[in-house]
Number of protein chains: 8
Amino acid sequence: MDKQEINALLEGVRDGSVSVEEAMLKLKMQPIREIGEYAKVDLHRGLRQGVPEVVYGAGKTPEHILGIARALRDNGQKTVLVTRMTPEAAALVAGELPLRYDALSKTGVVGELPEPTGKGKVVVATGGTSDIPVAEEAAVTAEALGNRVVRLYDVGVSGIHRLLSHMEEIMSARVIVAVAGMEGALPSVIGGLADCPVIAVPTSVGYGASLGGIAALLSMLNSCASGVSVVNIDNGFGAGYMASMINHLD
Amino acid sequence: MDKQEINALLEGVRDGSVSVEEAMLKLKMQPIREIGEYAKVDLHRGLRQGVPEVVYGAGKTPEHILGIARALRDNGQKTVLVTRMTPEAAALVAGELPLRYDALSKTGVVGELPEPTGKGKVVVATGGTSDIPVAEEAAVTAEALGNRVVRLYDVGVSGIHRLLSHMEEIMSARVIVAVAGMEGALPSVIGGLADCPVIAVPTSVGYGASLGGIAALLSMLNSCASGVSVVNIDNGFGAGYMASMINHLD
Amino acid sequence: MDKQEINALLEGVRDGSVSVEEAMLKLKMQPIREIGEYAKVDLHRGLRQGVPEVVYGAGKTPEHILGIARALRDNGQKTVLVTRMTPEAAALVAGELPLRYDALSKTGVVGELPEPTGKGKVVVATGGTSDIPVAEEAAVTAEALGNRVVRLYDVGVSGIHRLLSHMEEIMSARVIVAVAGMEGALPSVIGGLADCPVIAVPTSVGYGASLGGIAALLSMLNSCASGVSVVNIDNGFGAGYMASMINHLD
Amino acid sequence: MDKQEINALLEGVRDGSVSVEEAMLKLKMQPIREIGEYAKVDLHRGLRQGVPEVVYGAGKTPEHILGIARALRDNGQKTVLVTRMTPEAAALVAGELPLRYDALSKTGVVGELPEPTGKGKVVVATGGTSDIPVAEEAAVTAEALGNRVVRLYDVGVSGIHRLLSHMEEIMSARVIVAVAGMEGALPSVIGGLADCPVIAVPTSVGYGASLGGIAALLSMLNSCASGVSVVNIDNGFGAGYMASMINHLD
Amino acid sequence: MDKQEINALLEGVRDGSVSVEEAMLKLKMQPIREIGEYAKVDLHRGLRQGVPEVVYGAGKTPEHILGIARALRDNGQKTVLVTRMTPEAAALVAGELPLRYDALSKTGVVGELPEPTGKGKVVVATGGTSDIPVAEEAAVTAEALGNRVVRLYDVGVSGIHRLLSHMEEIMSARVIVAVAGMEGALPSVIGGLADCPVIAVPTSVGYGASLGGIAALLSMLNSCASGVSVVNIDNGFGAGYMASMINHLD
Amino acid sequence: MDKQEINALLEGVRDGSVSVEEAMLKLKMQPIREIGEYAKVDLHRGLRQGVPEVVYGAGKTPEHILGIARALRDNGQKTVLVTRMTPEAAALVAGELPLRYDALSKTGVVGELPEPTGKGKVVVATGGTSDIPVAEEAAVTAEALGNRVVRLYDVGVSGIHRLLSHMEEIMSARVIVAVAGMEGALPSVIGGLADCPVIAVPTSVGYGASLGGIAALLSMLNSCASGVSVVNIDNGFGAGYMASMINHLD
Amino acid sequence: MDKQEINALLEGVRDGSVSVEEAMLKLKMQPIREIGEYAKVDLHRGLRQGVPEVVYGAGKTPEHILGIARALRDNGQKTVLVTRMTPEAAALVAGELPLRYDALSKTGVVGELPEPTGKGKVVVATGGTSDIPVAEEAAVTAEALGNRVVRLYDVGVSGIHRLLSHMEEIMSARVIVAVAGMEGALPSVIGGLADCPVIAVPTSVGYGASLGGIAALLSMLNSCASGVSVVNIDNGFGAGYMASMINHLD
Amino acid sequence: MDKQEINALLEGVRDGSVSVEEAMLKLKMQPIREIGEYAKVDLHRGLRQGVPEVVYGAGKTPEHILGIARALRDNGQKTVLVTRMTPEAAALVAGELPLRYDALSKTGVVGELPEPTGKGKVVVATGGTSDIPVAEEAAVTAEALGNRVVRLYDVGVSGIHRLLSHMEEIMSARVIVAVAGMEGALPSVIGGLADCPVIAVPTSVGYGASLGGIAALLSMLNSCASGVSVVNIDNGFGAGYMASMINHLD
């Protein structure tokens with residue numbers, strides 16, 4: 001509820017068109033719709049934050065995911081992104097709604113992918129092939145939120161020429177998502193080469209002293225390159241969302 | 001060295017205006033100037049990344065800082081930002097060069113603060129008063145890189161009304177830097193309120209189980225809000241730099 | 001064995017109604033009943049601590065759980081709460097004793113839920129829907145111990161208006177249990193809003209840098225709000241028990 | 001701002017006694033007073049949460065502490081508790097305001113200690129003598145907030161008879177603060193003996209594998225006793241505040 | 001090879017009864033027998049350390065365990081203890097050799113349990129019922145190495161009277177093994193009561209902040225009681241072995 | 001692309017035999033062949049680093065492994081080492097290509113093992129039998145890269161005579177790979193005995209406080225012996241590769 | 001208070017020589033003497049545990065230490081061991097009482113060292129020279145408690161011959177204290193050589209990945225040798241006390 | 001004592017030139033000389049391991065360092081390397097012995113630097129200027145052990161062109177020491193470029209999430225480049241020693 005709305009409401013009270021009780025109610029009322037007993041969905045988020053509601057699938061039953069997706073669609077949301085979606089949930093949803101499901105990244109898109117509305121290109125790069133599932137979560141998220149995405153996979157720092165042979169893509173990006181496990185050095189090298197913001201995503205790829213991605217995470221937080229910030233381990237969605245937000249700035 | 005330069009160089013070789021040896025040299029030559037024996041300074045960085053070279057003062061002697069600042073100034077750089085600058089270094093530099101020094105954040109600016117060239121406003125918010133030194137490092141960095149900065153200090157989540165009374169500033173930001181120690185919850189709440197990117201900065205403020213800022217760092221990495229990414233503990237500079245980069249996107 | 005009992009015992013010895021040997025025995029005897037070989041059950045706990053014995057089901061076989069529950073019932077305990085109860089244990093117990101089993105929180109109540117005897121209301125709030133199983137363990141525990149419980153689920157800090165729209169419930173609570181995973185910020189915000197004690201329960205909900213709930217735990221321990229204390233990760237029972245104890249204070 | 005106030009405000013708008021602009025202002029206005037540039041002080045907290053504002057002295061200059069204390073006193077607050085107060089700050093404040101300063105726990109009380117208003121007694125117990133500074137922070141906090149406090153110091157579990165000889169005090173408490181470093185077992189033993197809530201405070205007392213209090217913290221979080229919750233390492237204030245809150249419940 | 005043997009060998013060389021080459025060989029020869037390709041078994045260990053070779057079953061196939069047990073028996077060892085023995089291995093070994101297998105602690109004894117040769121009694125105590133498997137590994141180990149064992153199970157510190165009612169057993173022990181998970185406080189309390197060495201065994205019993213037994217381990221290492229030392233998490237065997245070694249000292 | 005190649009290229013441009021566009025292309029072109037969409041294989045690595053490309057099997061499907069192996073073979077690589085190869089992948093590859101598969105270490109060698117070209121012997125030692133799978137990964141790696149390997153298994157430091165009886169092998173090594181879990185002390189002892197480089201490999205063998213190999217890793221990093229360096233937990237391949245590199249130095 | 005004393009007390013009550021009130025008092029009374037307000041000293045500990053009270057000096061003022069030592073002496077204790085004693089405390093105590101102070105280990109002995117009453121010899125060994133302060137704390141503790149001590153310093157595992165040249169001392173020990181920092185491997189090697197109990201003491205000697213002694217601690221907890229148990233980092237006192245207890249077993 | 005010496009000894013016993021007692025003595029005697037009471041110095045190490053004894057200065061008094069250095073010189077060792085040497089120790093030693101002291105790396109060389117005897121060049125590279133002290137410890141160590149050293153400082157991965165402009169030095173190395181703090185990515189990039197072994201040295205340079213060098217250490221252990229092994233944080237000496245050992249292999 002923004003300033004104009006409060007203003008209008010108060011003027012309504014002054015001129016009698018709105019009763020005190022109605023105003024009290026409105027001031028308390030939230031643009032939230034409860035779906036069954038299991039979730040509060042924020043239908044106005046598209047207005048407030050410029051992006052539609054996304055469904056985080058982990059820990060939700062296929063039935064819940066379907067219920068939420070249907071509610072969002074009924075409310076007029078054209079594209080519903082579902083992350084961490086199990087194949088079972090995908091099968092259930094696909095039986096009722098138009099769904100594009102990517103089994104590798106466990107990401108589903110209900111409805112049409114929107115036309116790109118971002119200002120430039122989002123580059124998604126990975127250190128190795130094992131990082132691709134996380135990278136795809138970022139890439140599909142960015143696409144579902146209206147961005148053109150360029151994928152640069154398997155360009156890790158131990159073969160630096162692989163990365164250098166893609167300087168053109170790197171220099172043409174408006175924002176870069178750099179995904180890496182193990183030593184997590186990719187964002188530092190890209191951050192030193194690029195002149196745009198870099199979102200670093202550590203992955204849980206590795207073993208032993210990788211500590212489930214902690215090594216890569218620490219590495220990225222300590223990047224000696226400027227213009228690098230970090231999201232949680234394996235959080236491809238968060239990086240894609242952040243990249244989209246940056247790419248849509250006027 | 002970009003594509004055009006390589007192109008020009010190769011055409012020079014073809015038409016004989018550049019010898020093979022000269023070309024070889026140029027292909028290897030880097031726009032780096034060695035200052036004494038203690039540092040390689042990247043003079044072309046302003047061109048390549050759109051921002052001038054910054055001096056990270058930690059671990060450098062006052063003499064080194066002065067030497068580097070002078071070299072950058074001689075090379076035509078109008079504003080030289082120095083972070084983690086001790087009062088001793090500030091005293092030495094101020095004796096020779098025009099310096100604005102902020103003792104709280106240990107940040108110095110040699111020369112003039114530039115006119116704001118960023119597209120919008122950078123909001124820098126803190127949870128408590130103890131977080132202000134880190135926040136000021138972010139704020140001065142952003143200002144030195146050409147941004148208008150709005151400061152919202154001491155608006156932590158345990159008194160949520162303090163934050164809510166500043167919704168107007170939050171909604172008018174193009175990018176927000178949220179600085180917090182202890183439980184580090186500020187970026188999550190701001191991330192849920194704002195419709196622009198949020199750069200979260202954990203601080204080492206706290207004691208006991210704050211683990212020198214690790215608690216706040218983990219909290220921010222696990223933010224349930226979208227559009228939040230994180231930099232290292234106490235890394236005000238990194239957040240200010242990232243914010244400036246985002247704020248200067250066309 | 002309290003002061004009065006020792007007094008009576010000694011007087012019995014003095015007047016000869018109790019022999020030295022009997023007194024010696026009594027002084028050593030404990031109000032503990034061994035059930036088979038697998039557990040010592042504290043039958044007097046209801047008297048001493050004001051609450052009946054609870055069965056912690058983790059690591060116990062269905063047969064053991066049934067045995068302990070039956071023994072408690074035989075001793076006159078009307079309500080037996082069983083936590084961390086597997087569906088298998090529930091099925092076995094339900095065949096012999098009246099059982100209300102909640103599969104989500106894996107909590108069972110043998111016998112009748114008691115009438116609320118607490119002074120006020122216990123509010124149980126969660127940050128997200130995934131925290132509900134832990135919250136239900138707290139809620140059912142509180143109910144089994146004689147409390148009225150108000151549930152406020154999915155009111156996490158990244159959508160602060162969801163929480164603010166329930167200020168009335170928050171302000172009317174006598175004690176609040178705040179359950180959250182990921183960044184664990186909910187107790188800090190509630191602690192700043194409420195004027196009653198808040199028991200914070202971190203959950204293992206999350207991934208990557210949530211470290212199985214450690215991130216939320218640290219966040220809660222570092223809460224900048226006063227009046228917040230913390231129990232172990234996923235320890236809904238402990239929070240519900242503590243809340244009940246507080247709610248029953250005269 | 002509670003329901004009645006909003007109601008009154010809206011009725012004022014309706015009958016014209018309050019203009020729309022004034023109402024808008026009031027809806028936004030917060031009961032916060034900015035003191036210089038360094039702090040926002042919450043003057044209404046005494047009303048809202050039932051306890052007066054407390055000054056957390058760590059990281060504040062003596063001048064800031066004096067300024068805040070004077071402002072609170074000017075606002076009519078009779079007792080101002082200052083925690084983590086350096087001797088320097090104490091000396092400065094004592095020059096202007098009536099101060100009781102405890103150098104061991106670094107706690108200061110400006111003005112009179114209030115008459116006890118709590119329902120019962122707060123027992124503060126420690127495992128060893130080295131834990132006393134933290135315990136005193138808890139005890140003085142509780143006293144400053146209107147509680148009778150009973151101190152049981154040096155009753156650690158490796159000499160269990162020391163604790164058992166104080167059963168009477170333990171059984172007569174309305175809430176217990178149990179403070180311990182090293183293995184942190186005291187709250188578990190007390191929790192098993194007492195029939196009231198126990199607030200556990202780990203201290204950083206110890207060396208080596210005590211990890212600055214982490215060992216005691218983990219021990220307390222894993223307590224096998226019910227009715228125990230935990231605050232941050234060395235957070236005597238937090239425990240005393242929580243204990244007071246519980247002790248003042250009707 | 002001890003001093004006497006070297007002496008005899010050298011005298012043999014001097015008087016010609018042993019050749020230089022033979023002596024060289026003997027000096028290098030080790031009392032180790034290779035069994036197939038998978039293990040070197042130390043047949044002289046019984047002589048050197050006073051206890052027979054024990055088979056650590058984890059990571060060994062049933063066939064390997066059988067092979068080693070048979071080789072030890074063929075070498076004259078009457079009792080062969082096998083720890084971490086799967087039911088499959090037990091079934092295989094029991095088909096060929098006389099085996100007593102305890103499924104709870106996964107411990108097997110091939111051959112006869114020896115007569116107790118230790119000087120006194122080994123008391124094995126646990127905090128809860130879930131710690132019993134680890135305690136039984138300790139108890140069976142001690143029995144297999146020739147000790148009388150007294151078991152005190154489920155005497156954890158949150159019900160201190162349970163422990164105090166067994167003071168007689170505690171005071172009559174020559175060495176105590178104290179086994180506990182969760183907060184791991186049992187050894188501290190026992191260490192304060194007993195006048196004999198206490199071997200503390202943390203167990204991985206617990207959840208959340210128990211960190212797989214790390215909490216109990218740290219607690220025990222920080223014990224404020226003297227005369228307590230610690231073995232690895234769940235290492236019942238190590239504690240039983242150490243206890244036996246102490247109990248067999250002349 | 002080395003100096004000579006750049007020289008030749010530039011001379012070609014000068015004399016017109018190479019066009020500017022071709023030169024531009026060559027300067028960017030990398031000796032990398034993309035196989036399907038899933039991997040970039042570095043065919044020139046054999047030339048550049050002296051060792052052929054190795055396939056890290058973890059996280060790759062059997063089909064991917066087969067595809068990469070076939071591509072490397074087609075490119076003329078005689079021996080293809082595959083690490084972390086599942087039995088399923090081995091079965092698939094063995095159906096098409098000549099494969100030697102070791103199920104214990106999950107290592108496969110496609111094609112012939114090369115003749116030893118290393119200067120001396122590589123000794124691979126383990127502390128226990130459970131460390132053998134990791135040791136075999138190191139040993140097979142070294143063999144596949146052209147080294148003679150001597151295996152010394154089960155020579156851990158708790159039976160130091162087992163190690164001392166193999167001094168001859170230790171002293172005759174050119175480089176030693178020392179593999180150990182649990183306390184990880186083997187490399188320290190060997191490092192003190194040997195006069196050649198020692199590569200230490202911690203293994204995840206152990207339980208409880210071994211923390212999945214972290215204990216052994218830390219132990220090795222803190223070795224008081226000189227001439228010891230460390231690779232990741234369970235990284236037999238890395239140690240074998242490093243050993244081969246050292247053993248092939250002229 | 002043991003069985004005989006309770007018996008006598010009860011008989012006294014029966015025959016009227018002890019009143020009920022007196023008996024009640026005695027049953028509650030503890031053999032503890034409060035010294036000033038700062039410590040409870042257990043004067044009966046010498047009787048109960050066979051060893052006199054020891055003063056842990058850390059965190060105590062010189063005046064407190066002097067006060068406690070004097071009280072113990074007044075109570076008839078001939079030898080008072082003070083650990084972690086600062087030079088300032090030593091100077092103060094030495095002015096009033098006969099004190100032997102070792103500045104290296106910061107250990108003081110007030111009064112005479114007792115005649116050795118232990119059954120055998122306690123061997124104290126260290127890996128390096130930097131571990132000697134901790135070792136001396138153990139050695140002086142053992143001597144103050146009545147043990148003959150043999151010191152074997154600087155016999156670390158990276159020069160295994162240094163240790164092996166002292167086999168005679170190792171084999172003649174009744175209990176061994178093995179002190180080591182860095183990789184902490186000494187107890188494992190000694191544990192494999194000796195046939196008596198080994199108390200392992202990790203020290204904080206080292207840097208970087210030694211993590212203040214955690215590396216050595218973990219190493220010792222994971223020892224592959226049997227008959228090894230561990231005390232806290234730098235806890236020389238604890239090891240010396242445990243060794244003395246074992247050495248005094250009949 | 002090697003095989004030939006044992007052989008000769010035994011032949012001496014056989015032919016009567018050596019008595020049994022003398023032989024026994026020799027078999028036990030170690031080539032170790034005790035200096036005062038504070039250190040055992042291994043005078044034969046030069047023979048056994050091919051490198052002279054080095055003095056680790058940390059924790060040693062200036063007097064001890066001087067004593068050890070003098071003893072080694074008296075024994076004929078021409079070059080004595082002292083690491084972690086304080087300026088005070090340097091001043092004392094320089095008063096008596098010829099010393100070259102580097103205050104930056106705190107490294108001293110007593111006597112002449114030897115002529116290079118290594119086969120090739122040792123390259124020592126750093127990520128930043130703050131890593132130089134550790135790098136110099138490695139470089140001086142290598143020089144003191146007879147190696148030519150090439151220094152490449154401040155070539156970190158966030159400005160990859162700085163490193164690439166030194167490809168010639170990298171390709172001409174026989175072994176490389178790569179020193180880096182913060183994200184520790186340098187060894188991975190160098191490991192991918194070079195065809196020789198790389199010794200990675202993490203430094204404690206950084207702040208916050210660098211965790212005193214743990215982030216860099218983990219990063220290096222997880223390097224995706226082959227041919228990289230790691231030493232302890234800040235262990236320049238260990239890396240220089242290992243590099244020298246590799247560089248001296250025939």
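Once a new chain begins, its residue numbering starts again from 1 and follows that chain's sequence as written. The naming scheme follows written order: chains are lettered A onward, ligands numbered 1 onward. Under the rules for a predicted model, residues below a pLDDT of 70 receive no local features and side-chain atom pairs below 80 are neither given nor counted, while totals for whole chains, interfaces and linings still include all residues. Side-chain metrics rest on all non-hydrogen atoms present in the structure, leaving aside hydrogens and water.

## Notes on the overall build of chain A
So, step 1. Each helix is a run of H or I in the DSSP string that is no shorter than four residues. Each strand is a run of E no shorter than two, and both are numbered from the N terminus. The helix and strand tally for chain A stands at 11 helices and 11 strands.
So, step 2. Here's how the labels work: a residue is buried when its accessible area is under 20% of the maximum for its type, exposed when over 50%, partly exposed in between, all with a 1.4 Å probe on protein chains only. For chain A, the residues scored as buried account for 60% of the 250 residues in total.
So, step 3. Taking contacts inside chain A between residues at least 6 apart in sequence as the whole, the part at least 24 apart equals 66%.
So, step 4. Here, Shrake-Rupley sampling with a 1.4 Å probe gives the accessible areas, and only protein chains in the shown set may cover a residue. Only carbon and sulfur atoms are counted for the fraction: they give 53% of the accessible area of chain A, which is about 9000 Å². Note on definitions: a residue-residue contact is assigned when non-hydrogen atoms from the two residues lie within 4.5 Å.

## Notes on the environment of Ile-246 of chain E
So, step 1. Inspection of the secondary structure puts Ile-246 of chain E in helix α11 (residues 236–247).
So, step 2. Sequence separation between Ile-246 of chain E and Pro-202 of chain E is 44 residues, and the spatial gap between their C-alpha atoms is 20 Å.

## Observations regarding the side chain of Arg-162 of chain D
So, step 1. With respect to the helices and strands, Arg-162 of chain D occurs in helix α7 (residues 160–164).
So, step 2. In the analysis that follows, any N or O atom pair within 3.5 Å is treated as a polar contact, provided that within protein one partner can donate a hydrogen and the other can accept it, and provided that, for residues neighboring in sequence, both atoms belong to side chains. A polar side-chain atom of Arg-162 of chain D sits 3.3 Å from a polar atom in the side chain of Asp-154 of chain D.

## Focus: the confidence of the model for chain A
Residues and elements named next belong to chain A.
So, step 1. With 84% of its residues at a pLDDT of 70 or more, chain A shows a mean pLDDT of 86.
So, step 2. On a scale of 0 to 100, pLDDT captures the predictor's confidence in every residue. Note on residues 28–34: pLDDT under 50 across the span, and 20 contacts to partners over four residues away in sequence or across chains.
So, step 3. In this model residues 42–50 is a low-confidence stretch, pLDDT under 50, and it forms 26 contacts with partners more than four residues away in sequence or in other chains.

## Description of the pattern of salt bridges
So, step 1. Criterion for a salt bridge: a side-chain nitrogen of Lys or Arg within 4 Å of a carboxyl oxygen of Asp or Glu. Tallying each qualifying case throughout the model produces 48 salt bridges over all chains.
So, step 2. The salt bridge partner of Arg-84 of chain A is Glu-137 of chain A, with a shortest N-O separation of 3.1 Å. Pair noted here: Arg-84 of chain A is in the loop between β4 (80–83) and α5 (87–94) and Glu-137 of chain A is in helix α6 (residues 132–144), with a separation of 53 residues, a long-range link.
So, step 3. Its relative accessible area of 4% is what places Glu-137 of chain A among the buried residues.
So, step 4. Where Asp-154 of chain H meets Arg-162 of chain H, a salt bridge forms, and the shortest distance between an N and an O atom there is 3.3 Å. Neither Asp-154 of chain H nor Arg-162 of chain H differs from the other in exposure class; each is buried.
So, step 5. Three or more residues are tied together by salt bridges with common partners; here these are Glu-136, Glu-143 and Arg-151 of chain A.

## A look at the packing of helix α6 (residues 132–144) of chain F against helix α11 (residues 236–247) of chain F
All names here are of chain F.
So, step 1. For helices, the fitted line uses only the C-alpha atoms of the stretch in contact; every axis is such a line through C-alpha atoms, and the angle between N-to-C directions lies from 0 to 180 degrees. At a minimum axis distance of 7 Å, the contact between α6 and α11 shows a crossing angle of 35°. In terms of crossing hand, the pair formed by α6 and α11 is right-handed. Along the contact surface, α6 presents Val-134, Glu-137, Ala-138, Thr-141 and Ala-142, while α11 presents Gly-236, Phe-237, Gly-240 and Tyr-241.
So, step 2. Classes in brief: Ala, Val, Leu, Ile, Met, Phe, Trp, Tyr, Cys and Pro nonpolar; Asp, Glu, Lys and Arg charged; the others, Gly included, polar. Looking at the contact of α6 with α11 residue by residue, the class counts come to 5 nonpolar, 3 polar and 1 charged. Here a crossing is taken to be left-handed if its near helix is turned anticlockwise relative to the far helix by less than a right angle, and right-handed if that turn runs clockwise.

## Here we look at the relation of the copies chain D and chain C
So, step 1. Superposing chain D onto chain C requires a rotation of 180° together with a translation of 0.0 Å along the rotation axis, leaving an RMSD of 0.0 Å. On the angle and the small slide along the axis, the relation comes out as a two-fold axis. In terms of C-alpha distance to the rotation axis, chain D has Val-230 of chain D as its closest residue, with the C-alpha 2.4 Å off the axis. Copies are brought into register by a least-squares superposition over C-alpha atoms of residues with pLDDT of at least 70 in both.

## Concerning the environment of Gly-59 of chain G
All names here are of chain G.
So, step 1. Tracing the backbone through its elements, the reader meets Gly-59 in the loop between β3 (55–56) and α4 (62–74).
So, step 2. Residue class for Gly-59 comes out exposed when judged on its relative accessible area of 77%.
So, step 3. Note: C-alpha distance between Gly-59 and Glu-183 (124 residues apart in sequence) is 30 Å.

## A short note on the interface of chain D and chain C
So, step 1. Each side of the interface is counted separately: chain D has 33 residues, and chain C has 33 residues.
So, step 2. Buried area adds together the accessible area that both of two parts lose upon being put together, with accessible area traced by a 1.4 Å probe. Note on chain D versus chain C: buried area summed over both sides is about 2700 Å², and carbon and sulfur give 57% of it.
So, step 3. Taken together, the links from chain D to chain C amount to 0 salt bridges.
So, step 4. Contributing elements (two or more residues each) for the side of chain D that touches chain C: α3 (45–49), α9 (186–193), β10 (198–202), α10 (214–221), β11 (228–230) and α11 (236–247) of chain D.
So, step 5. It is α11 of chain D that contributes the most residues to the side of chain D that touches chain C, 5 residues altogether.

## Examining the sheet that holds strand β4 (residues 80–83) of chain B
Hydrogen bonds between backbone groups are what pair the strands of a sheet, and the pairing can be parallel or antiparallel.
All names here are of chain B.
So, step 1. Note: two strands are recorded as paired if DSSP finds a minimum of 2 bridges between them. Read from one edge of the open sheet, 4 strands run β3-β4-β6-β5, paired in mixed fashion. Only two strands of the sheet have a single neighbouring strand rather than two, namely β3 (55–56) and β5 (99–102).
So, step 2. Bridge analysis of β3 against β4 gives 2 bridges, and the strand direction is parallel. Within β4, the residue paired with Val-55 across the bridge is Val-82.

## Some points on the sheet that holds strand β4 (residues 80–83) of chain E
All names here are of chain E.
So, step 1. With respect to topology, 4 strands assemble into an open sheet ordered β3-β4-β6-β5, the strand pairing being mixed. The open sheet has two free edges, formed respectively by β3 (55–56) and β5 (99–102), since each of these has just one partner strand.
So, step 2. Pairing analysis gives 4 bridges linking β5 to strand β6 (residues 107–110), with the strands arranged antiparallel. Of the residues in β6, the one forming a bridge with Asp-102 is Thr-107.

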